[in-house]
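If you want the building blocks of each chain, they are given just below.
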Amino acid sequence: MKVIVSRFIPFRGFNAINLFGLIVVRKGRRAGRYTLNHERIHTAQMRELAYLFFYILYLGEWLVRLLMRGNAYRNISFEREAYAHMGDLNYLEHRRHYTWLRHYKKKPNKLKKMKKITFLLLAMALAPFAANAFTRAQAQKTVDAFVADTMLRHASAGVALVDLSTGEIIAGNHVDVACITASTMKTVTSSAARLTLGPDFQYVTPVYLDGAVKGNRLEGNIVVVGTGDPTLGSQFFKDDLDITGEIVKALQSHGINRIEGKVIVDNSAYPFPPYCGDWDVGDLAWNYGMGIHAVNYCDNLTRLIFDGHDGTLGNAHLMPDVSNVEIIDMLSGRGEDNVDLHLEYVHPAIIATGTTIDTTYYMDIANPCPDVLLRDSIANSLTRAGIAVRWREIDARGERWPLVEHRSPALTDIVTSLLERSDNMFAEGLLRTLAYHSGRRATCTNGVAVVDSVMRRMGVDVSAKFQRDGSGLARANKATPRFFAQMLTAMNSHKMGTREVQLVDLMPRVGVNARIGSSIAQSPISGQVATKSGSMSDVQCYVGYYPVNAPKWGFVTLINNWRGSRRALREKIDSMLLNVFTK
């Protein structure tokens, strides 16, 4: 939310005013956090009414209130809601849509009268909009113009616009042709996970003490058992307790300051390999191609740092260090900056090839051994806390008792994070979790089988989906626009969990934290289009909803092999959607 200062507005006596989501503060006045929260509530109201209708209703209600007792401004329903909740800085997180309708004065006759007037004003405001609402023919004409563009002459261009109330595709192109989906497949995996596990599901990572406690000494080992949680130590959930700190505090609470055995991290629950067999081997080493394990830590990332001044891996090291990962120099020498990396899992190693220039390289890469990093991090935390680890072989003789149960954030928060950032590792984690919690081996194939079962129960035709992984990184992932249209329709009818969230509530919004082109973000419907994008070489896809507060339409664009720049294609997709939704 942008705040600017003006010498002239708002009027004297007011600190701030909200103009289409822009907060203007009068010079010399201070807008504190409660005032800003007041204006944020107004912004939420504006978005519900597409901004223009908000001002029409606001002015109409104010004129009516002038004829009634009391302060006309303070009694406007929009202001009553904002003043009533401005002191609750978390109000917008749990606010229900159109709450301002509940904030009329509680006098039966006047309340009834005011509601009639308000709905009459709303009908008048929406009349021009209804007159201009797009028809099937207009929508199809807009889609036809888009796919007729010369840059799509040789492309696979699947488009679908679906009426969510009926599930009918009212406009489209090649709706039954399967195209590469890229990261739009994450919406499918996330939807199946929410329906199967529940939106409030949390991963539980148990930590045990194997052995007997004698005074301040543990005659045994600390054992961490991995259950697939992708969020352990994640930089994206910094406010959540780190498992290493929980272990230290638990040991201190029991008065233990000496471990005679080892720190053991059990990574056996998920089978090898930790990546999808359909992935390109060249993707595995990079910060988007991390594998998913039973034990994941620090987003399964590390950083390779080295000096390339002499065409070799000078002073090469990992940060954070992963003690058993070898760094192998197979560079050809000095030349162009074209360093490539390869990852070896069986004998953990990072192999560098290509040529370097005279610079220091900082490369974020996949960590093949997150269990080792977690083990070493726990050991280091214990040492810093004054708890000694002897690393002796101790036979615990079957004695085991629980020390810690680390819980992840709720699944809803995990999905929101992964969709906004398009996190491949998190999505792969959900797919294998689906298999694991169904009692099957935690493989991609078994996870896809669970997704198919869930989608079929929702009435979605999975014969039009060819899924290989959970994230969409495999180019073998394909689906038709009709499949996505059915999936979006089915998920729009499900509100789940304590917060009653739908898929649309978890998806990024254009103009807020997502972008297609520039037209929607600069239009009155900015913030009202939810979308998940997917992109890789020669692939650009979007699936989403409009409007976000009460979705009426779902849209799908799956574009493969176009001619021209990606930016130009995004602008054309953006313009097509804007023309459909506003004409």
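Look a little higher up for the structure.
Just so it is clear, the model here is predicted, and its values are computed rather than measured.

**Overview of the overall build of the protein**
Stage number 1. On a plain count of helices and strands, the protein comes out with 15 helices and 23 strands.
Stage number 2. Taken along the three principal axes of its C-alpha coordinates, the protein extends 85 × 65 × 55 Å.
Stage number 3. The burial tally for the protein puts 53% of its 583 residues in the buried class.
Stage number 4. Summarising the internal contacts of the protein: among those between residues at least 6 apart in sequence, 65% fall at separations of at least 24.
Stage number 5. Accessible surface for the protein amounts to roughly 26500 Å². Of this, 51% is attributable to carbon and sulfur atoms.

**Here's the deal with the packing of helix α7 (residues 185–197) against helix α12 (residues 444–457)**
Stage number 1. Closest axis-to-axis distance for the α7/α12 pair is 9 Å, and the angle between their directions is 75°. By the angle class used here, α7 and α12 are roughly perpendicular. For the pair formed by α7 and α12, the contact residues are Val188, Ser191, Ala192, Leu195 and Thr196 on the first element and Val450, Val451, Val454 and Met455 on the second.

**Looking at helix α6 (residues 136–147)**
Stage number 1. When the terminal C-alpha atoms of α6 are compared, their 17 Å separation across 12 residues agrees well with the 16 Å that a helix rising 1.5 Å per residue should span.
Stage number 2. Among all positions in α6, only Ala139, Thr142, Val143, Phe146 and Val147 are buried. For α6, the angular spread of the buried residues around the axis is 130°, confining them to a single face. For α6, the exposed residues lying more than 90 degrees away from the buried face are Ala137, Lys141 and Ala145.

**A word on the sheet that holds strand β20 (residues 478–479)**
Stage number 1. Read across the sheet, three strands follow the order β6-β20-β19 without closing on themselves; strand pairing throughout is antiparallel. This sheet does not close on itself; its edge strands, each paired only once, are β6 (179–180) and β19 (465–466).
Stage number 2. Judged from the two bridges that link them, β19 and β20 form a sheet pairing that is antiparallel. In the strand pairing of β20, Lys465 is matched with Ala479.

**Description of the side chain of Glu48**
Stage number 1. Take Glu48: it is sitting in helix α1 (residues 33–48).
Stage number 2. A relative accessible area of 8% means that Glu48 is categorised as buried.
Stage number 3. In this structure, Glu48 is in contact with Arg95, Arg96, His97, Tyr98, Trp100 and Asn549, ignoring residues within four places of it in sequence.

**Thoughts on the pattern of salt bridges**
Stage number 1. What the rule picks out here adds up to 19 salt bridges.
Stage number 2. The shortest N-O distance in the salt bridge between Asp364 and Arg303 comes to 2.8 Å. Here Asp364, found in strand β16 (residues 360–366), pairs with Arg303, found in strand β11 (residues 301–307); they are 61 residues apart in sequence, far enough to count as distant.
Stage number 3. Look at Asp364 and you get partly exposed, because its relative accessible area is 32%.
Stage number 4. Three or more residues are tied together by salt bridges with common partners; here these are Arg217, Glu219, Arg258, Glu260, Arg390 and Arg392.

**Description of the nonpolar core**
Stage number 1. By size, the foremost hydrophobic cluster in this structure holds 87 residues, and its most contacted members are Leu341 and Phe484.
Stage number 2. It is helix α13 (residues 481–492) that contributes the most residues to this core, seven residues altogether.
Stage number 3. With residues up to four places along the chain from it excluded, the contact list for Phe484 reads Thr181, Thr184, Met185, Thr187, Val188, Ala479, Val543, Val556 and Leu558.
Stage number 4. Core analysis: the second largest hydrophobic core is formed by 30 residues, Val143, Ala157, Tyr546 and Ile573 among them.

**So, the pairing of strand β23 (residues 553–560)**
Stage number 1. With eight of eight residues buried, β23 is to be regarded as a mostly interior element.
Stage number 2. Residues Trp553, Phe555, Thr557 and Ile559 line one face of β23 and the alternating positions Gly554, Val556, Leu558 and Asn560 line the opposite face, and both faces are buried.
Stage number 3. Across eight bridges, the pairing between strand β4 (residues 156–163) and β23 is antiparallel. Directly across from Val162, in β23, lies its bridge partner Gly554.
Stage number 4. The pairing of strand β22 (residues 539–546) with β23 spans eight bridges and is classified as antiparallel. Bridging from a neighbouring strand, Val543 pairs with Val556 of β23.

**Overview of the packing of aromatic side chains**
Stage number 1. Per the counting criterion, the structure on display carries 15 aromatic pairs.
Stage number 2. Here the aromatic rings of Phe483 and Phe484 are separated by 5.4 Å at their centres, their planes lie at 70°, and the arrangement is edge-to-face.
Stage number 3. Here Arg421 stacks its cationic end above the ring of Phe426, 5.1 Å away from the centre of that ring.

**A closer look at the packing of α7 against α13**
Stage number 1. It is at 11 Å that the axes of α7 and α13 come closest, and there the two elements cross at 35°. Crossing geometry of α7 relative to α13 is assigned as left-handed. On α13, the residues that touch Met185, Thr187, Val188, Ser191, Arg194 and Leu195 of α7 are Phe483, Phe484, Met487 and Met491.

**Digging into empty space enclosed by the protein**
Stage number 1. One pass over the full model with this rule turns up one cavity of 30 Å³ or more.
Stage number 2. The volume enclosed by the largest cavity comes to roughly 70 Å³.
Stage number 3. In terms of lining, the largest cavity is formed by Val143, Val159, Ala160, Leu161, Phe555, Val556, Thr557, Met576, Leu577 and Val580.
Stage number 4. Class assignment of the residues belonging to the lining of the largest cavity gives a composition of nine nonpolar, one polar and no charged.

**Describing helix α2 (residues 52–66)**
Stage number 1. Along its 15 residues, α2 runs 22 Å from first to last C-alpha, staying within 8% of the 21 Å computed at 1.5 Å per residue.
Stage number 2. Turning to α2, its buried residues number three or more, namely Phe53, Phe54, Leu57, Tyr58, Gly60, Glu61, Val64 and Arg65.

**Some words on the sheet that holds strand β21 (residues 530–536)**
Stage number 1. If you trace the five strands from one edge of the open sheet to the other, you get β5-β4-β23-β22-β21, paired in antiparallel fashion. Every other strand in the sheet has two partners, leaving β5 (168–173) and β21 as the edge strands with one partner each. On average, adjacent strands in this sheet sit at an angle of 10° to one another, irrespective of strand direction.
Stage number 2. Strand direction decides the pairing type here: β21 and β22, joined by seven bridges, are antiparallel. When the bridges of β22 are listed, Ser533 appears paired with Tyr542.

Quick notes on the rules
- Residues numbered from 1 in each chain as written.
- Predicted model: local features only at pLDDT ≥ 70, side-chain atom pairs only at ≥ 80, totals over all residues.
- Heavy atoms only, no water.
- Helix = DSSP H or I, 4+ residues; strand = E, 2+ residues; numbered from the N terminus.
- Buried < 20%, exposed > 50% of the residue type's maximum accessible area, 1.4 Å probe, protein only.
- Contact = heavy atoms within 4.5 Å.
- Areas by Shrake-Rupley, 256 points an atom, 1.4 Å probe, with all protein chains shown as cover.
- Axes fitted to C-alpha atoms, helices over the stretch in contact; angles between N-to-C directions.
- Parallel < 35°, antiparallel > 145°, perpendicular 65-115°, else oblique.
- Expected span 1.5 Å × (residues − 1).
- Arc of directions from axis to C-beta.
- Pairing = 2+ DSSP bridges.
- Salt bridge = Lys/Arg side-chain N within 4 Å of Asp/Glu carboxyl O.
- Core = buried A, V, L, I, M, F, W, Y, C linked by side-chain atoms within 4.5 Å.
- Phe/Tyr/Trp six-rings, centres within 6.5 Å; stacked < 30°, edge-to-face > 60°.
- Lys NZ or Arg CZ within 6 Å of the ring centre and 35° of its normal.
- Left-handed = near helix turned anticlockwise from the far one by under 90°.
- 1 Å grid on protein atoms, 1.4 Å probe; cavity = no way out; pocket = protein on both sides within 12 Å on 5 of 7 lines; lining within 4 Å.
- Points joined across faces, edges and corners; volume = space filled by probe spheres on them.
- Nonpolar A, V, L, I, M, F, W, Y, C, P; charged D, E, K, R; others polar.

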